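Each chain is listed here by its residues.
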Amino acid sequence: MNDSSHKPTHECGVFAVFGHPNAAVLTYYGLFALQHRGQESAGIVTANGPNTPFIMHKDMGLVSQVFTTPVLERLKGSRAVGHVRYSTTGSSNIKNAQPLVVDCARGQLAIGHNGNLINAAILRDELEQRGSIFQTTVDSEIILHLLAQPAETSGVLAALRKVQGAFSLVLMSEREIIGVRDPFGFRPLSLGRLDGAYILASETCAFDLIHAEFIREIEPGEVVIINETGISSEFPFNETKRAFCMFEYVYFARPDSIISDISVHRVRTEMGRELARLHPAEADIVVPVPDSGNYAALGFSQELGIPYEHAFVRNHYIGRTFLQPTQLIRDFNVRVKLNLIKEAVAGKRVVVVDDSIVRGTTARARVVNLREAGAAEVHMRISCPPHRFACHYGIDFPDPEKLIANQHTLEEIRDYLGADSIGYLDVPGMVRATGLAENDFCLACFTGDYPVPVDPTLDKYIMERRQKRVNLIAAEDEHPELFSDLR
């Protein structure tokens, strides 16, 4: 239990505009609002219509770092797709940054993808057998290759039916913008409008920033086509159960977003109320771990009538730390993110509320800090059930062997953290907080019940491992003969 990572890392955010003269600028602001969904890279591709070249800019870093005013001025066009990325399949480097762009028999295509394909390796093998050449190790490129097949070989809808797993996509061709949501609806995708232009975004908070009107969510299994004639929909997938990722409500989505007509902040507050009813505590103050625990802590406080106190102060200006701290600054990775107001907790019984405990290292350091500050008691409360299983649909949870709840009992976790008590919200309470039905959600990371069967060896580096195997096979023959079939 000595890994310093605290949270499951973010997924990706997608944004698209059709029919606005300032498409690139709107996309910039949209990505800015979706920055919480990925901080490794950002990209925008713009276009003006048929027979005009796509213009692209992408780089590693935050949206504000990647796009300067001169860059945005160069991104001319009335339509655009944008992407912020955290690597879910494929490692973090510039070649894997999105959107991805190709020029093929169907013309130019660009794609931004939020999610994870569970049949990526199989599809890539099939495509390479037919001569496809890949430039990246991300599963999103597989979708591009399928779409790039000649029209007489495979239609666009038929190509989309071949992919399995979690995918919310924004696609741009020379004539249209297309939004796609997988039939299970794992990841969010919404439709908006501004000044006659249509907009697609991972979350509704992106519409708020640019004063766009939220129209509706894209339905699970829906393909939305936006072009000069307007907007239309297709439903090419077989109907199946819904499996929206519960962790969107728990942690990933911004609290000011609306999902399934429900405010995320309201769900998180209700999760805190459910948690207080399930695991009450006698305490003097309720302290959230910012920002992820803010709303659950508020609900916990309101339900039990215990004062709500911001005792942890978050540093909002953390970048990547290249100088690794040593023992000179103990618990650096913890203290650089949150510092404790000691006088707020000294001599008090404290309930600490957070949304999750993944590995446990950071939660343990929080308890140590509270003890050192003189807290009389420390009670940990978590607003979702214990994470015991891996996610194969686009969230970068650690290996199950590194998940503290997968390896230890509740009592052992409490003792490891050094807390006086610990309580997790259960699945029924978490679901009740949403007001929706349990079978509307994917709960696999809590229950191990995967909506789509998965390969247990699947993880984000599957493409890299696959490439290593290819290289090893090639190395066994010192002189591979590319044209041996001509003899």
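Scroll up for the structure.
Residues numbered from 1 in each chain as written. Predicted model: local features only at pLDDT ≥ 70, side-chain atom pairs only at ≥ 80, totals over all residues. Heavy atoms only, no water.

A. Main features of the sheet that holds strand β20 (residues 349–354). Ordered in space as β17-β20-β21-β22, the four strands form an open sheet in which the pairing is parallel. Each edge of the open sheet is held by one strand with a lone partner, namely β17 (285–288) and β22 (421–424). The mean angle between the axes of side-by-side strands here comes to 20°, regardless of whether they run parallel or antiparallel. In this structure, β20 lies alongside strand β21 (residues 377–382), joined through six bridges in parallel fashion. (Pairing = 2+ DSSP bridges. Helix = DSSP H or I, 4+ residues; strand = E, 2+ residues; numbered from the N terminus. Axes fitted to C-alpha atoms, helices over the stretch in contact; angles between N-to-C directions.)

B. Quick peek at the packing of aromatic side chains. Counted according to the given criterion, the structure contains 13 aromatic pairs. Here the aromatic rings of Tyr 249 and Phe 441 are separated by 6.1 Å at their centres, their planes lie at 70°, and the arrangement is edge-to-face. You can see Tyr 249 sitting in helix α8 (residues 246–252) and its partner Phe 441 sitting in strand β23 (residues 441–442), a full 192 residues away along the chain. Taken as a pair, Tyr 249 and Phe 441 share a single burial class, namely buried. For Arg 366, the ring lying beneath its charged end belongs to Phe 312, and the centroid distance is 5.7 Å. (Phe/Tyr/Trp six-rings, centres within 6.5 Å; stacked < 30°, edge-to-face > 60°. Buried < 20%, exposed > 50% of the residue type's maximum accessible area, 1.4 Å probe, protein only. Lys NZ or Arg CZ within 6 Å of the ring centre and 35° of its normal.)

C. Here's a closer look at helix α9 (residues 264–278). Compared with the 21 Å implied by 1.5 Å per residue over 15 residues, the 21 Å span of α9 between its first and last C-alpha is a close match. Regarding α9, the residues found buried are Val 264, Val 267, Arg 268, Thr 269, Met 271, Gly 272, Glu 274, Leu 275 and Ala 276. (Expected span 1.5 Å × (residues − 1).)

D. Structural context of unusual backbone geometry. Each neighbour pair has its own omega, and for Gln 98 with Pro 99 the value is 5°, a cis peptide bond. Positionally, Pro 99 belongs in the loop between β4 (79–85) and β5 (100–104). For the bond running from Pro 290 to Asp 291, omega is -10°, close enough to zero to count as cis. Assignment of secondary structure puts Asp 291 in the loop between β17 and α10 (294–304).

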